[in-house]
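Coordinates in review
Below are the chains, spelled out letter by letter.
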Amino acid sequence: MQKITPCLWFDTQAEEAANFYASIFKNSKVKNVTRYDEASAAVSGQPAGSALTVAFELEGQEFIGLNGGPVFTFSEAVSFSIDCKDQEEVDYFWEKLSEGGSESQCGWLKDKFGLSWQVVPSVLPKLLGDTDAVKAKRVVEAMLKMKKIVVKDLEDAYNQN
């Protein structure tokens, strides 16, 4: 069991979100759903029988989804970064997670629940961390023009003469 588990506060969509994320990531599952009973529903304003908490796992990382109402919402202050081995993985996660959400700059997006994700090809930190500052700067400049990261464009900027 992991010592720290992120808890994601949703209005009413924790169960839907957990199922959505589990359908996208391999080795993922919804583990347990605790539901509001009549008494807790009356206090919370949530419907009786709806999910209170949802325990789920994505690629071995455990999460809790909480239906706590509309008081708090997600912001870019917290995001989840996905390490992608190649452009095919970048394209897959970008397409799935941005559907119904919104695209931002430099590989960032918000999914349909408002949760922020960074879809990052594993080559990006290597190119950005190159000891040749001119090459690294060209990579940064190329990335700043992108929404979804395009590996070939990063590599072209890096290899430019």
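Here is a short report on the structure shown in this document. Note that the structure is a prediction, hence the values are computed from the model and not measured.

Across its full length, the protein carries six helices and eight strands. Beginning at the N terminus, the succession of helices and strands in the protein can be written as β-α-β-α-β-β-β-α-β-β-β-α-α-α. Its C-alpha atoms put the protein at 70 × 30 × 25 Å along the principal axes. Across the 161 residues that make up the protein, the buried fraction comes to 37%. For the protein, long-range pairs separated by at least 24 residues make up 60% of all intrachain contacts whose partners lie at least 6 apart in sequence. About 9,300 Å² of surface is accessible on the protein, with carbon and sulfur atoms providing 53% of the total. Across the protein, the mean location of the 17 positive side-chain charges is 4 Å away from that of the 24 negative side-chain charges.

Here the focus is the side chain of Arg 138. Along the chain, the position of Arg 138 falls in helix α5 (residues 133-144). Asp 132 provides the closest opposite charge to the buried, salt-bridge-free Arg 138, at an N-O distance of 6.1 Å. Residues within four places of Arg 138 in sequence aside, it is in contact with Ala 157, Tyr 158, Asn 159 and Gln 160.

We now examine the packing of α5 against helix α6 (residues 151-159). The interhelical angle for the contact between α5 and α6, taken along N-to-C directions, is 145°, at an axis separation of 8 Å. Judged by the twist between their axes, the crossing of α5 over α6 is right-handed. Contacts from Lys 135, Arg 138, Val 139, Ala 142 and Met 143 of α5 reach α6 at Asp 153, Leu 154, Ala 157, Tyr 158 and Asn 159. Looking at the contact of α5 with α6, its residues break down into six nonpolar, one polar and three charged.

Sheet architecture is open: four strands sit in the order β5-β8-β7-β6, paired in mixed fashion. Unpaired on one side and paired on the other, β5 (79-84) and β6 (102-103) mark the two borders of the sheet. Alignment of β6 against strand β7 (residues 108-110), held across two bridges, turns out to be antiparallel. For Ser 102, the partnering residue across the bridge sits in β7 and is Lys 110. Each of β5, β6, β7 and β8 (116-121) is contacted by helix α3 (residues 87-98), which is oriented at about 150° to β5, the strand it contacts most.

Judged by pairing direction, the sheet is mixed, and its four strands sit side by side in the order β1-β4-β3-β2 without closing on themselves. Unpaired on one side and paired on the other, β1 (7-10) and β2 (29-35) mark the two borders of the sheet. Between one strand axis and the next, the sheet turns by 20° as a mean value, whatever way the strands run. Bridging between β2 and strand β3 (residues 51-58) involves six bridges; their strand directions are antiparallel. Looking across to β3, one finds that Val 30 is bridged to Phe 56.

Moving on, we get to the packing of helix α1 (residues 14-24) against α3. It is the contact of α1 with α3, at a shortest axis distance of 11 Å, that shows an interaxial angle of 160°. Here α3 runs roughly antiparallel to α1, going by the angle between their axes. α3 is crossed by α1, and the crossing has right-handed handedness. Residues Phe 20, Tyr 21, Ser 23 and Ile 24 of α1 touch α3, and the partners they reach there are Tyr 92, Phe 93, Lys 96 and Leu 97. Considered class by class, the residues forming the contact of α1 with α3 number six nonpolar, one polar and one charged.

Conventions adopted
Residues numbered from 1 in each chain as written. Predicted model: local features only at pLDDT ≥ 70, side-chain atom pairs only at ≥ 80, totals over all residues. Heavy atoms only, no water. Helix = DSSP H or I, 4+ residues; strand = E, 2+ residues; numbered from the N terminus. Buried < 20%, exposed > 50% of the residue type's maximum accessible area, 1.4 Å probe, protein only. Contact = heavy atoms within 4.5 Å. Areas by Shrake-Rupley, 256 points an atom, 1.4 Å probe, with all protein chains shown as cover. Lys, Arg positive; Asp, Glu negative; His and termini not counted. Charge placed at Lys NZ, Arg CZ, Asp CG, Glu CD. Salt bridge = Lys/Arg side-chain N within 4 Å of Asp/Glu carboxyl O. Axes fitted to C-alpha atoms, helices over the stretch in contact; angles between N-to-C directions. Left-handed = near helix turned anticlockwise from the far one by under 90°. Nonpolar A, V, L, I, M, F, W, Y, C, P; charged D, E, K, R; others polar. Pairing = 2+ DSSP bridges. Parallel < 35°, antiparallel > 145°, perpendicular 65-115°, else oblique.

These values are about where atoms sit, not about what they do.
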